[in-house]
Amino acid sequence: MYQDKDSRIQNFDILRGFFIFLALWQHFSYYLNVWYIDFFKENAVLDKSYHIHKMMIGYLLPVDDFSHWAAWFFTPWVSQIYLTLAAFNLAKRSQGDFKLVYGLKLRTFGLILIFFIFENFIVSPNFGESISFYPIMAWMIILSALSYLYQKFGVKGIWGLLIISFTRWTLPELPFISGLEYWMQQNVHSAYEFDAQIEYFLTSGCLGFFLGFYYYHRDWGQKREFYLIGSGFLLFMIWYFFGLPFSVNYLDVFESEHDLAKTFLGSLSILGIQMMILPLFLFMEKKHKLKIKIPMFTWIGVHSLKLFALHRILFVHIIVPVMLLIVTIINRPLIITWWICWLSTGIVMLVGYFINKTKIHNLILR
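Just so we're clear, the structure is a prediction, and the values are computed from it rather than from any experiment.

K.L.:
Give me the lowdown on the overall build of the chain, citing residues and values where you can.
P.N.:
On a plain count of helices and strands, the chain comes out with 15 helices and 0 strands. Expressed along its principal axes, the backbone C-alpha trace of the chain runs to roughly 70 × 50 × 40 Å. Pairs at least 24 apart in sequence give 82% of the contacts found in the chain among residues at least 6 apart. Carbon and sulfur atoms form 67% of the exposed surface of the chain, whose accessible area is close to 18,400 Å². The chain carries 29 positive and 23 negative side-chain charges, and their two centres are separated by 14 Å.

Okay, here's the thing in structure tokens:
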């Protein structure tokens, strides 16, 4: 049975919203981790009204146990599966139909890439981090590559890219890749990071495209879902028994973000989790009409790009400075707890809702 490409998969909106929520939780935890090192700007009043913070300058803040557990459980694969969902949607159209929108897709990905480069300059504490390479930049490049290959060569082009994505385990590491971060740190800025190498995400992008292609353009039977879920579970268990363990630093939740993606068995576990989750949610929605209803996550999922574009700017320049004033008044330094991160996410949602309802961005840009 071929699926209607115009029908929206509501369960995927839930997933996308939940994953964005987790990403914001992780990002807010990290910025609080390093706030007293990279972002504290109240030095002019450090010996006056902000004196309570003087003893914290130069120190990292630890996350609470619940935030630590969430970072350990979700971090390795959440940033991957968001790309997988985007690539899934990319495969809705046939090759012929996709050629008609190919230019628009490339312009969209290019504009998103440019926006987040500028956003990086707004939120980063120094020039090195401003020009660093982060996951969403890798996602846009991968989605552009998938688009080009699909309109040019059809699904065979994506198969070729998938094969290329696995060559990183058989070929020696390219000196350009391994030496770029070091060269930039030595010659441009010591804080530069080549944080999200494209090869970490490339296979996930191909997986998402194939799941979307076979869902929309081939006979997607119930057995296919069971096979995918079973295969995904097998891949995950191979890593569980034979792979390297994953850990998260309480003082830097980003430190080990890509550790599993850097190993073969770890990458298999990431692919396995995705192969379990996406077909399971498709099965629930299309076979049993079981549509999960969590309005908050659905809304986040529908407006995910807008919230992602806003969250760091709001957190760094508005939310934490106000939070800093409040804890100063009660004579306490900053701390990191799950409820602070959740509250911050709620504030970002309210701002996004306000912008969406009032269309204020159109008024400003008129």
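K.L.:
Talk me through the environment of A86; I want residue IDs and the actual numbers.
P.N.:
Within the secondary structure, A86 is located in helix α3 (residues 65-90). A86 sits 119 residues away from G205 along the chain, and the two C-alpha atoms are 8.1 Å apart.

K.L.:
Before we move on, can you summarise the packing of aromatic side chains with the specific residues and values?
P.N.:
Under the defined criterion, the tally for this structure stands at 47 aromatic pairs. Judged by centre distance (4.7 Å) and plane angle (70°), the ring pair of W338 and W342 falls under edge-to-face. Here W338 pairs with W342, and both are found in helix α14 (residues 338-358), just 4 residues apart, close to one helical turn. On the basis of relative accessible area, W338 is assigned to the partly exposed category, the value being 33%.

K.L.:
Quick rundown of the side chain of S269? Include the residues and the values.
P.N.:
The topology assignment puts S269 in helix α11 (residues 264-286). A relative accessible area of 2% places S269 in the buried class. A distance of 2.6 Å separates a polar atom in the side chain of S269 from the backbone oxygen of G266. Excluding its chain neighbours within four sequence positions, the residues that come into contact with S269 are L235, F236, W239 and L260.

K.L.:
Quick rundown of the packing of helix α9 (residues 198-217) against α11? Include the residues and the values.
P.N.:
Between α9 and α11, whose axes approach to 11 Å, the crossing angle comes to 25°. In terms of axis orientation, α9 runs roughly parallel to α11. Where α9 crosses over α11, the two elements pack in a sense that is right-handed. Here α9 contributes T203, S204, L207, L211 and Y215 to the contact with α11, which in turn contributes I270, L271, Q274, M275, L278, L282 and K286. Along the lines of polarity and charge, the residues of the contact of α9 with α11 split into 8 nonpolar, 3 polar and 1 charged.

K.L.:
Could you give an account of helix α6 (residues 135-153), naming the residues involved and the relevant values?
P.N.:
Given a rise of 1.5 Å per residue, 19 residues ought to cover 27 Å, and the 26 Å separating the end C-alpha atoms of α6 matches this to within 8%. Among the 19 residues that make up α6, 14 are buried, leaving the element largely enclosed by the rest of the structure. A positive backbone phi angle near 75° is found at G154, which sits one or two residues after α6.

K.L.:
I'd love a proper account of the nonpolar core, names of residues and values included.
P.N.:
Nonpolar side chains tend to gather and get buried jointly when the protein is soluble and globular. In this structure, F12, W77, L146, F209 and L334 are the most contacted members of the largest nonpolar core, which totals 117 residues. For this core, the leading source of residues is helix α1 (residues 10-33), giving 14 residues. Not counting residues within four places of it along the chain, the set of residues in contact with L146 comprises A87, L90, I158, L161, G205 and C206.

K.L.:
Can you tell me about the environment of F88, naming the residues and giving the values?
P.N.:
Position of F88 relative to the elements: it lies in helix α3. With a relative accessible area of 0%, F88 lands in the buried category. Along the chain, F88 and F210 lie 122 residues apart, while their C-alpha atoms are 7.2 Å from each other.

K.L.:
Provide a residue-level description of α9, including the pertinent values.
P.N.:
Counted at 1.5 Å a residue, the expected span for α9 with its 20 residues is 28 Å, and the 28 Å between its end C-alpha atoms agrees. By the criterion of burial, α9 is predominantly enclosed, with 17 of the 20 residues buried.

K.L.:
Could you give an account of the packing of α6 against helix α7 (residues 155-166), with specific residues and numbers?
P.N.:
Contact geometry of α6 with α7 gives a least axis separation of 6 Å together with a crossing angle of 135°. Taken together, the axis directions place α6 and α7 in an arrangement best described as oblique. Between α6, through L146, L149, Y150 and F153, and α7, the contact on the second element is made entirely by V155, K156, G157, I158 and L161. The residue inventory of the contact of α6 with α7, partitioned by class, reads 7 nonpolar, 1 polar and 1 charged.

K.L.:
Describe the pattern of salt bridges, with residues and values.
P.N.:
Counted according to the given criterion, the structure contains 3 salt bridges. Between D13 and R16 there is a salt bridge whose closest N-O contact spans 3.1 Å. One end of the pair, D13, and the other, R16, are both in helix α1, 3 residues apart, so they sit about a helical turn from each other. For the pair formed by D13 and R16, the shared burial category is buried. For R312, the salt bridge identified is with E119, shortest N-O distance 2.6 Å.

K.L.:
Account for unusual backbone geometry, naming residues and giving values.
P.N.:
Leave glycine aside and you will find that most residues have negative phi; peptide bonds, for their part, are mostly trans. Located in the positive-phi region is N331, a residue other than glycine, with phi close to 65°. For N331, the position within the fold is in the loop between α13 (304-329) and α14. On the basis of relative accessibility, which here comes to 45%, the residue N331 falls in the partly exposed class.

Thresholds applied
- Residues numbered from 1 in each chain as written.
- Predicted model: local features only at pLDDT ≥ 70, side-chain atom pairs only at ≥ 80, totals over all residues.
- Heavy atoms only, no water.
- Helix = DSSP H or I, 4+ residues; strand = E, 2+ residues; numbered from the N terminus.
- Contact = heavy atoms within 4.5 Å.
- Areas by Shrake-Rupley, 256 points an atom, 1.4 Å probe, with all protein chains shown as cover.
- Lys, Arg positive; Asp, Glu negative; His and termini not counted.
- Charge placed at Lys NZ, Arg CZ, Asp CG, Glu CD.
- Phe/Tyr/Trp six-rings, centres within 6.5 Å; stacked < 30°, edge-to-face > 60°.
- Buried < 20%, exposed > 50% of the residue type's maximum accessible area, 1.4 Å probe, protein only.
- Polar contact = N/O pair within 3.5 Å; in protein donor to acceptor, adjacent residues only side chain to side chain.
- Axes fitted to C-alpha atoms, helices over the stretch in contact; angles between N-to-C directions.
- Parallel < 35°, antiparallel > 145°, perpendicular 65-115°, else oblique.
- Left-handed = near helix turned anticlockwise from the far one by under 90°.
- Nonpolar A, V, L, I, M, F, W, Y, C, P; charged D, E, K, R; others polar.
- Expected span 1.5 Å × (residues − 1).
- Core = buried A, V, L, I, M, F, W, Y, C linked by side-chain atoms within 4.5 Å.
- Salt bridge = Lys/Arg side-chain N within 4 Å of Asp/Glu carboxyl O.

Honestly, that's just the spatial picture; any functional story needs more than this.
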